[in-house]
Amino acid sequence: MTLLVSLVDMKAYIGEATATYDAFLTTSIEVVSDSIESYCRRSFLQTTYTETYEEQDFESIDKYKIYSLHYPIVSVTSIKEREITTTGNNETLITNYQL
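First, a word on scope: everything that follows refers to the structure included in this document.

Checked against the element boundaries, S68 lands in the loop between α2 (22–40) and β1 (79–85). Exposure remark for S68: the relative accessible area of 28% places this residue in the partly exposed category. Through-space distance from the C-alpha of S68 to that of Y53 is 9.8 Å; in sequence the pair is 15 residues apart. If we ignore the near neighbours within four places in the chain, the residues touching S68 are E51, Y53 and I73.

Have a look at this one:
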């Protein structure tokens, strides 16, 4: 469950010092955090993604640039180019990319 704000920060913001409403506040933070991420269609916390692009994805834009759907990018594990042949699919690891 993604929490966009901690219970401690929420309690400090609203001036609540007791544990009386902790369960209610935690549930509220979860519901609102999920709603925000659903509305924005993205995760705001660091997450691992795998994105796949096909050749036709590059026909209307610069063929040498990839525009990620998820940002900011913290690190890239690998970029592979797939060549589809009549005998099967071959993947080549690309190592000379720039961020």
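There's plenty left to go through after this.
Glancing now at the environment of S78. Relative to the helices and strands, S78 is located in the loop between α2 and β1. S78 sits in the partly exposed class, given a relative accessible area of 37%. On a C-alpha basis, the gap between S78 and T50 in space is 9.8 Å, while along the polypeptide they are 28 residues apart.

Now for the environment of L25. When you line up the elements, L25 lands in helix α2. Between the C-alpha atom of L25 and that of M10, which follows or precedes it by 15 residues, the distance is 7.9 Å. Apart from the residues within four sequence positions on either side, L25 is in contact with L7, M10, K11 and I14.

Cut-off values and rules
- Every residue gets a number counted from 1 within its own chain, in the order that chain's sequence is written.
- Since the coordinates come from a predicted model, pLDDT governs what is reported: local features require at least 70, and pairs of side-chain atoms require 80 or more to be given and counted, while whole-chain, interface and lining totals use all residues.
- Hydrogen atoms and water are omitted, and side-chain values are computed over all heavy atoms in the structure.
- Runs of H or I in DSSP of at least four residues are treated as helices and runs of E of at least two as strands, each being numbered from the N terminus.
- Categorising residues by exposure relies on relative accessible area from a 1.4 Å probe, with only protein chains included: less than 20% of the type maximum marks a residue as buried, more than 50% marks it as exposed, and the intermediate range marks it as partly exposed.
- In what follows, a contact means two residues having at least one pair of non-hydrogen atoms within 4.5 Å.

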